[in-house]
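# Inside the fold
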2 protein chains.
Amino acid sequence: MPTTERNAPIDVPRGLKGVVVTDTALGDVRGLEGFYHYRQYSAVELAETRTFEDVWHLMFHGTLPDAAGRAAFTARTAELRRLPADVRDALPAIARSCALAGPLAGLRTALSLAGASAGFRPLYDIDADRRRADALAASALVPTLLTALHRLGQGLAPVEPRADLPYAANYLYMLTGQEPEPARARAIERYLISTIDHGFNASTFTARVITSTGADLAACLVGAIGALSGPLHGGAPSRALDTLDAIGTPERIDPWIRERVLAGDRIMGFGHPVYRTEDPRSRMLKEIARGFGGPLVDFAVQVEERVEAILAELKPGRELHTNVEFYAGVVMELCGLPREMFTPTFASARVVGWCANILEQAEDSKIIRPAARYTGPPPPQPVPAI
Amino acid sequence: MPTTERNAPIDVPRGLKGVVVTDTALGDVRGLEGFYHYRQYSAVELAETRTFEDVWHLMFHGTLPDAAGRAAFTARTAELRRLPADVRDALPAIARSCALAGPLAGLRTALSLAGASAGFRPLYDIDADRRRADALAASALVPTLLTALHRLGQGLAPVEPRADLPYAANYLYMLTGQEPEPARARAIERYLISTIDHGFNASTFTARVITSTGADLAACLVGAIGALSGPLHGGAPSRALDTLDAIGTPERIDPWIRERVLAGDRIMGFGHPVYRTEDPRSRMLKEIARGFGGPLVDFAVQVEERVEAILAELKPGRELHTNVEFYAGVVMELCGLPREMFTPTFASARVVGWCANILEQAEDSKIIRPAARYTGPPPPQPVPAI
């Protein structure tokens, strides 16, 4: 709503930083403690002890399932992986369209089509069960869409999902056509769980703004995907790996890092706007990487140590730790994911968090509509004749 | 960014009402005066004296064109109306997908595809000229996409755009295959100009949030279309007309309205959250409708008078005037637009406003990222074993 004389405009920090736009029971991030949680549980503990489907259930239903609930929910989501025929037919054209624009642009189009095709209705016109059913259908389909688009882009036929595989194993299977080793599937599953949600961010906020108008679920998700595709938001786990490639060999670590630090350049994979401590996701992913071992892991650990040491020397007091990108890239590389699929893999988990936020926001019915302040020349000036 | 201990959360009214999220030179709404403006000019005066292309130029470039500028800009936008081959090929499938979900869902998919296919790049990676070129390409294509999807949905072949027709005349031509009477084309042109922008609203805000992440132009527009499709935002100019149909005959006006007013029901086409006076768009559209005359117009004017009189009698002090929907519906009906195209026609003009907001927001480089407050049970609770 525009500002009117009746409502004095309210000034807040740029970018709405710190402005509380909603209450949430979905989770939070505690930057000083290096801790984040989904509902009342540590997200890292969930990633270490539970399946992806368990946490999906937690986010959608508010509770962790028991054994019977897990089986039922897992079976239900596995059924929803299959591409509807009309969406499948449209995917080759969508894959061609995003050759330049990238996989998130392809997902944006494909999910928009799939949601319309499934007849998703305005969120305020349907009840909570129907909304959750739509959210389940959309989020279950995302890995299938992403892997099919990727394969089509490579000139390969999409691989049909398998209902007998857990979420992460099926994701890797659809990507490669090979059933993954259990250790790799589990590593990716832990990564995916850890990235379902992470406090409030621009894509989650976008999803909630669109939800607040009462639009359908696909409209909300498509907006969130768009926001995630922005370089200031989505980041790119592949960038940190590109940095490791650029450094190349152990003896080049020190000169490379010194040069960057002295030039004041950002080092990809280091630093986070919220965490003052180590990023808890990074800590977990480093452990997973170390479990695999090998030269890439050794090199990554060495780079991490040298960055921290050189920063302590050249910029004392400016602590900088690895963020989620650094070891996520290493883990995804070790598990055979191609780099262009790093951000889409992130999106395949985050869609569950977006959906949970949409379901929560849809319980409210207040439109989110801030104001702008006009700062141009005073109107009305006469319109010049032509 | 999530709230951290370093940044105390800032409480504001629900839905961010009145919270200033940005400065803008694009325009504003003055609810108490019944006045709104694009840049420094009265929007209604622009609609009465200028072409759609003139105002599009004003919104994108900041100035009204002179005669030579008008000719060049009009020719440039006319060129951009044509569907790229790959988008054309995909439209039948998209039209089928939105049979249930409606034309805005179709536009969402088609524009997502078209933007990817055109290779739109992240807004922060390109300069202002390139951003404006993308915005021009996207907004020029929207009427072609909407009319083609509508015709395909009716089992008709799309009509190729004509570069020799002005914007509004070409829109009606692509919809019907017939060159429109000049008076009708001009009536629609005035409506379209009047609806390019209208202060800050949820779709404009969505577009700006996505822009703030640096995403590409299609990502921003697709989010805005999604927000507009929400019943709390987009409204529906066809609803007011449906009300006229429901009333049916002059002698039924009074009992029908009395019943609604006494029941406390909302009367579609009346009331606006910002305007305390008559909606200036409504005033202009009523004049246009009266210029055409005929039984529908007479009936609409009668209903308007009776609603105001009955409200004055039953709810003294509660002034309620027609909003833009009321006479917009009448004018579109008189100009031969089918009712399901009323909201899409609105979107075909509003896309210019969204693009202008995106171009303005892209000059900033601060991500829009508010906070949420966690209100669930205190973490961490131990994760139960399964």
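Rules used throughout
- Residues numbered from 1 in each chain as written.
- Chains lettered and ligands numbered in written order.
- Predicted model: local features only at pLDDT ≥ 70, side-chain atom pairs only at ≥ 80, totals over all residues.
- Heavy atoms only, no water.
- Helix = DSSP H or I, 4+ residues; strand = E, 2+ residues; numbered from the N terminus.
- Rg over C-alpha atoms; globule rule 2.2 N^0.38 Å.
- Buried < 20%, exposed > 50% of the residue type's maximum accessible area, 1.4 Å probe, protein only.
- Contact = heavy atoms within 4.5 Å.
- Areas by Shrake-Rupley, 256 points an atom, 1.4 Å probe, with all protein chains shown as cover.
- Least-squares fit on C-alpha atoms with pLDDT ≥ 70 in both.
- Buried area = accessible area lost by both parts, 1.4 Å probe.
- Salt bridge = Lys/Arg side-chain N within 4 Å of Asp/Glu carboxyl O.
- Polar contact = N/O pair within 3.5 Å; in protein donor to acceptor, adjacent residues only side chain to side chain.
- Nonpolar A, V, L, I, M, F, W, Y, C, P; charged D, E, K, R; others polar.
- Pairing = 2+ DSSP bridges.
- Domains from an automatic or database assignment.
- Phe/Tyr/Trp six-rings, centres within 6.5 Å; stacked < 30°, edge-to-face > 60°.
- Lys NZ or Arg CZ within 6 Å of the ring centre and 35° of its normal.
- 1 Å grid on protein atoms, 1.4 Å probe; cavity = no way out; pocket = protein on both sides within 12 Å on 5 of 7 lines; lining within 4 Å.
- Points joined across faces, edges and corners; volume = space filled by probe spheres on them.

## Thoughts on the overall build of chain A
Secondary structure assignment for chain A yields 17 helices and 6 strands. The C-alpha atoms of chain A give 22 Å as radius of gyration, which agrees with the globular expectation for 386 residues (21 Å, within 12%). A principal-axis box enclosing the C-alpha atoms of chain A has dimensions of 70 × 55 × 50 Å. With 386 residues in all, chain A has 61% of them scored as buried. The long-range share in chain A, meaning contacts at least 24 apart out of those at least 6 apart in sequence, stands at 75%. Total accessible area on chain A stands at roughly 13800 Å², and carbon and sulfur atoms take up 52% of it.

## So, the relation of the copies chain A and chain B
Between the two copies, chain A and chain B, the superposition gives an RMSD of 0.0 Å; the rotation angle is 180° and the shift along the axis is 0.0 Å. Taken together, these values place the two copies in the relation of a two-fold axis. Residue Gly 223 of chain A, judged by its C-alpha, is the member of chain A lying nearest the rotation axis, at 2.1 Å. Interface residue correspondence from chain A to chain B reaches 100%, placing this contact among same-surface, isologous pairings.

## Things to note about the interface of chain A and chain B
In this complex, chain A contributes 115 residues to the contact, which on the side of chain B involves 115 residues. Regarding the contact of chain A and chain B, the summed buried area is about 9700 Å², with carbon and sulfur atoms giving 65% of it. The three residues of chain A that bury the most area against chain B are Tyr 374, Val 383 and Ile 386 of chain A, which together make up 7% of that side's buried surface. One salt bridge connects Arg 108 of chain B with Asp 216 of chain A, and the closest N-O pair in it is separated by 3.2 Å. For the pair chain A and chain B, the number of links is 39 residue pairs in polar contact (both at pLDDT 80 or more). In terms of residues, the side of chain A that touches chain B owes the most to one element, helix α5 (residues 103-117) of chain A, which gives 7 residues. For the side of chain A that touches chain B, the class distribution of residues is 60 nonpolar, 33 polar and 22 charged. Alignment of strand β6 (residues 371-374) of chain A against strand β2 (residues 19-24) of chain B, held across 4 bridges, turns out to be parallel. Residue Ala 372 of chain A lies in a different strand from β2 of chain B, and its bridge partner there is Thr 22 of chain B.

## Concerning the domain arrangement of chain A
All names here are of chain A. As far as domains go, chain A holds domain 1 (40-227 + 341-362) and domain 2 (237-334). For domain 1 versus domain 2, the separation of C-alpha centres amounts to 29 Å. Facing the 14 residues of domain 1 at the interface are 18 residues of domain 2. Together domain 1 and domain 2 conceal approximately 1400 Å² of surface at their shared face, both sides included; 75% is due to carbon and sulfur atoms.

## Regarding the sheet that holds strand β5 (residues 41-42) of chain A
Residue and element names in this part refer to chain A. Reading across the sheet, the 3 strands line up as β3-β4-β5 and stay open at both edges, with antiparallel pairing between neighbours. Each edge of the sheet is formed by a strand with only one pairing partner; in this case those strands are β3 (27-30) and β5. One ladder, built from 4 bridges, connects β3 with strand β4 (residues 35-38); its direction is antiparallel. Residue pairing in the sheet places Arg 30 in a bridge with Phe 35 of β4.

## Re the packing of aromatic side chains
Residue and element names in this part refer to chain A. As enumerated under the stated definition, the model contains 19 aromatic pairs over all chains in all. Pairwise contacts between aromatic rings join Phe 52, Trp 56, Phe 60, Phe 73 and Tyr 167 into one cluster. Directly above the ring of Tyr 173 sits Arg 162, whose terminal nitrogen or CZ lies 5.0 Å from the centroid.

## Points about the layout of surface pockets
Residues and elements named next belong to chain B. The volume enclosed by the largest pocket comes to roughly 990 Å³. As for the largest pocket, its lining consists of 40 residues, of which Arg 266, Gly 271, His 272, Pro 273 and Asn 323 are closest to the centre. Counting only elements with at least two residues in the lining of the largest pocket, the list comes to α11 (231-234), α12 (237-247), α16 (324-334) and α17 (342-361). Broken down by element, the residue count for the lining of the largest pocket peaks at 4 residues, all from α11. The class makeup of the residues in the lining of the largest pocket is 17 nonpolar, 12 polar and 11 charged. No fewer than three residues from each of domain 1 (40-227 + 341-362) and domain 2 (237-334) sit in the lining of the largest pocket.

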